[in-house]
Each structure stands twice: as structure tokens, then as C-alpha cells.
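In case you want the letters, here they are:
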Amino acid sequence: MGAWLLKAFSGEQPRISANLLPPNGSQQAVNVRLDDGALDPLRKPEHAGQFAAYPGNYQSIYRYGATWLGWPGAVYAVPGPVATDRLYIMGDGAPKMRVNDTEYLLAVPYPVNALTGSLPANGSRTYAYSYVDKNGVESGPSPISGSVAWNSNRTVTVSGLEDVPTGIVSQNFYRNDGSNWYFVAKRAAAKGDFIDDVTDATPRALPAASATQAPTTAPTVAFDYIDLVVTRVYVYTYVTAFGEESEPCPASNLVDWEPGMTVTLTGFAGDPGGRNIVSQRIYRTQTGDSGTDLYFIAERPVSSADFVDDIAEDAFGEVLPSRAYNAPPDELTGLISMPNGMMAAFQGKDLYLCQPWLPHAWPEAYVLTCDYDIVALGAIGTSLIIMTTGKPYLAQGTDPSSMQMVRLASNLPCVNARGVVDLGMAIAYPSHEGLVLAGADGSAQVVTAQLFNREAWQQFNPGTICAGQLSGRYIASYNSVNPDGTPLVGTFIINTDGSGAFLSRSNVNAVAFHYDVSEGALYYLTSSGEVLHFDAPGGPPLNYYWKSKPLLLSAPENFAVIRVDSDDAPNLQDIANINAARAAAVAENEIVIASPLGSEINGQVVNLFTLAGDSLEPIPGMAKTITVNVYADGILRASATKTGQMLRLPAGFKARKWEIDVYGSARVQQIAMASSVTELKAMAGS
């Protein structure tokens, strides 16, 4: 005698012949959740949003607060490791930052021109000198020197003096401050330079010509220093209202500074516009605990006005933090977030990492280069999966400066960035051979090998699928064509955990997915621009379908009794959900009925509705139902619609091939079928 117990229900494995499926395997599973061993219906998707004036070409969506954002192509929107009101976007032109309803280019502009530093002068001076002979007769003056800028902290060197003529014993030096001549000093005649460090020169006119020979060549003059000289360089940066600091401007000219002096900085540029620049930070070279570097000395509102550095020598702050910052390239894309304030993105073959906690800064010093063009990125803790057009790569590290990258041995290129999904402990991506799972341990394997061969997988056109995840299961919508030319449209749900890969199917037809990790909710976009919540907890149960593997007996036999067990008692929340869905369907149908029904000749496109169908929304039933059909050698022999009760099966025939399918909205724990009541009781309780 025979017995058949179905429990711990599983999904489809299309590559395996139906009779070789596992005992709990399925030939077909549609709209059924198979995450706890029971047959449980998916719930009806709920309306979550609608794009007004939908252009019809969105391939990426993201919910930002109460607003749905959408873009054509693969676009990456990621909250940054900073304030909660900021969203970072790549793939839609140049990288952007969104703050509330305003979008900014992510790159913070930097000042492109260097500052000019100058020391204030107390005035200018000119010099002349004369000879005095052994009789004390002074000659007329030399020609007058050029002028030299001068201030109270500097001395002036007078050079270029002539060879001393015979009979000359001394030299007198004179200077002019622009209005008067002063006698500075007298010294023994010499050709060497004269240093003017005199602070109390005596007013005196230049001497008149005399019989004593006068110098014929004008001296040259230059300022010199009294105190310790420090050579300074200055830079400045822009700062946004969000605290982002730009790269510095080029270094200024060298400024030879002495204690007591001030330095005037010119050449500041005002707000370049478009990035909410609010201030400028000014830095100068200084020697501090970290050695000689550029240190912060002042911050001021953004302005093109000059700045006077009269800040004390020891009144400086932090070292310039943005020296090595670089703006993100315009083509940077594939943005993801990582621990420790890191974010990663790519351009071509190059992997970029931002400065930790500063998503506007992408130092070129952190760039790592692959052998192949990068398609997408995925993060598992501090490990980064890099999917390329060739072999995948793995990069690991806790800081961008210490990231190490290795190329994996697997020949599994990624064919579609929109099919990449973070499943938590692994990154799933579509390859030519099937769905690949890549792990932080460097593993990369095709997990759909038991589901599809290469040819069957390619029928889904994996280069165009869009995917998401829910409860760790890979969910992908496809829009392809069967070999016979008929449309191949739908969604598959792939289980990838340790219990073995299997799939179920859904009637959903999505053009984009978005998984909200804070809610644990999966949303999808339809071709009409509506956003729906997949398997919404508040939705009424969908009708599902599950068909068992065929049970092939060694000899024909007859089953006498069947029992379907369910723990799905109605609850108040289910009733409320069903009532709400019924009310919504009625309201929608009233709108349809009040409008033109399109029932005139050629009023609708061919095949829009099923035979005898219409455009009305089906009204959900008031209670969950279940129908379990029993087939013997392909013939429907019995149907069970009640749970928890034994049902006698028809007699008078025997069959070798038996199958069971289940249709309805009620949860099923197990199905037991036996050749006698005694066998059923013994088995159903096990």
C-alpha cells in the first residue's frame, strides 16, 4: 500500500527532470512564499506612489523621504555617512548631492588663482654719498641711487661704491625719504657696502661741489633685515553651508616675514555660485607639532576683499585637511556606501574611494585600477566586490589608504549593473552562465546551475533584467522573447540560501526595483509610472498556484484518502485588509464604469484582456480559500477544498503517476495522501 506526505514545500528547479525533483520539489510555483516550509500566498502589491507626467523610460527609482525619484538608466542614490538630509547620486550626469528638494553638483569648486602676499612699506628712500679729503674738504654728491621700499623692521644696504681715489680719507652717506635729505653717517673711505641701520639721521642738504673729486657713479640700494626672517606661503579654500571644504588654491608667492610685520593678501575670488559657498578658510606655512606645513589661521565670509594677516605667530590651528582632496570625476558612477565613513564608486577600470566621512572628496591617491572595465560594486562589511566585464575582484580594508585589491580566479563577468543585488552576506549578479553569488571570502559561484543551463538562462536576456531582494531572496523581472517569438515576461524569485537553490514566480512585471532597508520593504515601478509595494503586509492575500513533482510508483495503485492541514485561521487584521481591498476595488471599478468602456469596435488593442475578460478590477473574496487537486496519470480525479479533514478519494481505478496541485489564498502546512485511513492517520501526525 502507498502513502505520500508533502511538507517543507520547495520551489521549481526547471533544469531537473520533473520526476527527479526532490520529494518536496515543485513543477510550478506562482505567487507563493516558500520561506518557512509552508505554502503561503504573497500579498497583493499596494500603491506607494505615482510619477506625474511619467516619461516612460525610468530604470532606477529611490524613495527620498516622501518623494519618489526616478531616472533613465542605472542610477545610484545612496545616503551618505553624514547628515541625514543628504542623498548622494551618481549615474545621472555628473555626481550630485541632494539636500531636501535642492540638488547640487557634488564637486566643490576650488579657487583657481593663487594669492599674492605683500609686506606694507613705510616709504621709499634714495641714497647718495660724498668723499672727504685729508684736508677735511667734502666733495659734491654722487649721482642719486634708485629708490628702495623700506619699513621700520628693515635696514638698507648701499653697494656699488667706486674705488677710493688717492687722497680721500672718508665717505659721508645721505638719504632722502621723499621730501628731505638726511645725513646718515660718516665712515673711513672704503669700497665695501654700507649698511644703513641708523634711526636718528640728521636733516642736512646734499653738499655743494668743491675742488675735491666727487663719486661719478650712483650707488645701488636694497633692503635687508634686522630680525629673524620667516618665509611664508599662503593658500585659501572655499567652505559650503554644509561644512564641505574645497581643495586649496595654488600656493602664493614667497613672503619674507619678520616679527612685527603684517602681510596683505590679495587675489581672493568671491562665491563661484551654484554650490552654496559661505566662507573662506585661510592657511599659512608655519612650524608646529606636525612640522612645517600649512596651518589654519582664519575663516571669514566668502569675499573678494583683501585680507591682512596680523595674526600672532603662535595663533594657528589645524593642518590644512584638504590638500590631497580631489573633486569626483564627472563620469563617476556605481556609488555604494561602506563602513568607517567610506564610499566607493568607479569610472572605467578605476575604483575610487572617498575621504572617510567626506563624500565630496575623492583623492586620486586612493584609486585602484582593474584589468577590465568595472560594471558594478557591492559591499559586504569592509570587503568590496568589484564586478567587471571580465574577472571579478575583491578589495578589503578599513581605510581607503590601506585597501588591498586582488583579482579572483572565476571567469564570471557581470553583464548587467541593474541585476546586481546585495543579499546581506553575499552579492548576487547576473553573468553569462547564470546568477552568481560572490562572498567576502573571495568565493564566486553560479547558484542557478541546478535551475538553468546557459541556454535557458540566456532566454531571460540577463543583460536587461532588473532585480531587488526581499528576505534574502533574489527577485528579478525580465522582458524577453521565447524562441517561438512569443513574449517572455514575468518575475522569478530565487532562493539562494543553504537549503538549495529553487525558484518561484510572480505575476509582477517591474521596470525598476528599490529595496528600503530601513523598512525591509521592496518597491517596484510599473511601465505606467506607478510605484507598488511588493508583497505588502497590509495587502490581501493573492491566489497562488503550486504543483508537486510527479510521484511515480513501481506499480499502479489507488490512493483512498487525502488530508490538507492548515493553521491559517482568519484574524482581524486579515479581515480588515480584505475589506480595504474590496472597497478600493469597488471604488476603482466605479470610475471605470463611469468612463467610456472601450467596447466599441476596435475600442481596445488585441489581447489586452483574456477571453470574456474586462477592464474591471477583481474584487477579493471575503475569506481565504484553497483547492487541492489530485491527478492520476494526468487525469483530474478529486478536489479538496476543506482543511483539517479527511476526504475520501474515488475508487475503481489505479494509476502509476500521481500529481497534486494547490490553488488558493489559504496557508497550507502539509498534504498527506494514503491508501487507507489508518496509514493517513499515522502519517499525517508525523
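What you see is a predicted model, and the numbers here were worked out from it, not measured in a lab. (Residues numbered from 1 in each chain as written. Predicted model: local features only at pLDDT ≥ 70, side-chain atom pairs only at ≥ 80, totals over all residues. Heavy atoms only, no water.)

Colleague: What am I meant to see in the pattern of salt bridges here?
Modeller: Side chains that differ in charge, positive against negative, can pair when their charged atoms come close. For the coordinates displayed, the defined rule picks out 24 salt bridges. Between R125 and D196 there is a salt bridge whose closest N-O contact spans 3.4 Å. In this pair, R125 sits in strand β13 (residues 123-133) while D196 sits in strand β18 (residues 194-196), placing the two residues 71 residues apart along the sequence. (Salt bridge = Lys/Arg side-chain N within 4 Å of Asp/Glu carboxyl O. Helix = DSSP H or I, 4+ residues; strand = E, 2+ residues; numbered from the N terminus.)

Colleague: Honestly, the sheet that holds strand β46 (residues 530-533) in this entry has me stumped. Any pointers?
Modeller: Hydrogen bonds between backbone atoms are what pair the strands of a sheet, whose relative direction is either parallel or antiparallel. In space, the 4 strands of this open sheet follow the order β5-β46-β45-β44, with antiparallel pairing throughout. Here the strands that pair on one side only, and so sit at the sheet edges, are β5 (46-50) and β44 (512-516). Direction aside, neighbouring strands of the sheet carry axes that sit 25 degrees apart on average. (Pairing = 2+ DSSP bridges. Axes fitted to C-alpha atoms, helices over the stretch in contact; angles between N-to-C directions.)

Colleague: Quick question: what am I supposed to make of the pairing of strand β53 (residues 655-664) here?
Modeller: Put simply, side chains in a regular strand alternate between the two faces of the sheet. For β53, the tally of buried residues reaches 7 of 10 residues, placing the bulk of the element in the interior. In terms of strand pairing, strand β47 (residues 544-548) meets β53 through 4 bridges, oriented antiparallel. Along β53, the bridge assignment pairs K547 with D661. Relative to β53, strand β50 (residues 626-632) runs antiparallel, the two being bridged by 7 bridges. Across the sheet, the residue bridging to I626 is G664, located in β53. (Buried < 20%, exposed > 50% of the residue type's maximum accessible area, 1.4 Å probe, protein only.)

Colleague: Before we go on, may I ask you to explain unusual backbone geometry in this structure?
Modeller: Trans peptide bonds make up the majority, and among non-glycine residues the majority have a negative phi. A positive phi angle, near 70 degrees, is found at W357, a position not held by glycine. Owing to a relative accessible area of 48%, W357 belongs among the partly exposed residues under this scheme. In this model, S471 sits at a positive phi of 55 degrees, which is unusual for a non-glycine residue. With respect to the secondary-structure elements, S471 resides in the loop between β40 (466-470) and β41 (473-481). Note on S471: relative accessible area 63%, which makes it exposed.

Colleague: Mind showing me how you'd approach the layout of surface pockets here?
Modeller: One way to see where empty space is left: roll a probe the size of a water molecule over the atoms. In this model, the second largest pocket occupies a volume close to 1200 Å³. Looking at the second largest pocket, it is lined by 37 residues, and the ones nearest its centre are A77, V78, D422, H514 and Y515. Going through the elements one at a time, β6 (60-64), β8 (76-79), β28 (333-337), β32 (374-380), β36 (421-422), β40 and β44 are the ones with two or more residues in the lining of the second largest pocket. Here the element with the most residues in the lining of the second largest pocket is β44; it accounts for 5 residues. In terms of residue class, the lining of the second largest pocket is made up of 24 nonpolar, 9 polar and 4 charged. (1 Å grid on protein atoms, 1.4 Å probe; cavity = no way out; pocket = protein on both sides within 12 Å on 5 of 7 lines; lining within 4 Å. Points joined across faces, edges and corners; volume = space filled by probe spheres on them. Nonpolar A, V, L, I, M, F, W, Y, C, P; charged D, E, K, R; others polar.)

Colleague: So what exactly am I meant to see when it comes to empty space enclosed by the protein here?
Modeller: The final tally for this structure, using the stated rule, is 1 cavity of 30 Å³ or more. Put simply, the largest cavity is a space of about 50 Å³. Around the largest cavity, the lining residues are V108, E245, S246, E247, Y325, N326, A327, H360 and A361. Of the residues belonging to the lining of the largest cavity, the class tally is 4 nonpolar, 3 polar and 2 charged.

Colleague: So what exactly am I meant to see when it comes to the sheet that holds strand β24 (residues 263-266) here?
Modeller: Within the open sheet, the 3 strands sit side by side as β12-β24-β27. Their pairing is antiparallel. At either margin of the open sheet sits one strand with a lone partner, and together these are β12 (116-118) and β27 (307-309). When strand polarity is set aside, the average angle formed by the axes of neighbouring strands in this sheet is 25 degrees.

Colleague: What am I meant to see in the confidence of the model for the chain here?
Modeller: As a general rule, the predicted coordinates of low-pLDDT regions are not to be interpreted in detail. Looking at the chain as a whole, its pLDDT mean stands at 90, while 91% of the residues score no less than 70. Confidence drops under pLDDT 50 across residues 605-610; counting only partners more than four residues distant or on other chains, this segment forms 3 contacts. (pLDDT = per-residue confidence, 0-100. Contact = heavy atoms within 4.5 Å.)

Colleague: It is not clear to me how the nonpolar core should be interpreted in this structure. Could you clarify?
Modeller: Soluble, globular proteins show a tendency: their nonpolar side chains are buried together. If you look at the biggest cluster of nonpolar residues, it comprises 32 residues, and the most contacted ones within it are L335, W362, M387 and Y429. Taken together, the elements giving at least two residues each to this core come down to β8, β9 (86-91), β10 (93-99), β29 (343-347), β32, β33 (383-388), β37 (427-430) and β38 (435-438). Looking at which element gives the most residues to this core, the answer is β32, with 3 residues. Of all hydrophobic cores here, the second largest spans 30 residues; its members include W546, V564, V662 and V668. (Core = buried A, V, L, I, M, F, W, Y, C linked by side-chain atoms within 4.5 Å.)

Colleague: When you look at the pairing of strand β15 (residues 154-159) in this model, what are you seeing that I'm missing?
Modeller: Among the 6 residues in β15, 6 count as buried, and that is most of the element. Side-chain alternation along β15 places R154, V156 and V158 on one buried face and T155, T157 and S159 on a second face that is also buried. Examined bridge by bridge, β15 and β18 share 3 bridges and lie antiparallel to one another. Residue pairing for β18: V158 is matched across the bridge by F194.

Colleague: For this particular structure, what's the right way to read the packing of aromatic side chains?
Modeller: The description of two aromatic rings rests on the distance between their centres and on the angle between their planes. If you walk through the whole model with that rule in mind, you get 26 aromatic pairs. An angle of 75 degrees between the planes, with centres 5.2 Å apart, marks the rings of Y54 and Y58 as edge-to-face. There is no split in this pair, since Y54 and Y58 are both buried. Ring plane angle 45 degrees and centroid distance 6.3 Å describe the contact between F452 and F492, whose orientation is recorded as tilted. Of this pair, F452 sits in the loop between β39 (444-446) and α1 (454-458) while F492 is found in strand β42 (residues 487-495), placing the two residues 40 residues apart along the sequence. Each residue in the set F452, W457, F460, Y478 and F492 is aromatic and connected to the rest through ring pairs, giving one cluster. Directly above the aromatic system of F183 lies the positively charged group of R204, at a separation of 4.1 Å from the ring centroid. In this structure, R300 packs its charged tip against the face of F268, placed 4.2 Å from the ring centre. (Phe/Tyr/Trp six-rings, centres within 6.5 Å; stacked < 30°, edge-to-face > 60°. Lys NZ or Arg CZ within 6 Å of the ring centre and 35° of its normal.)

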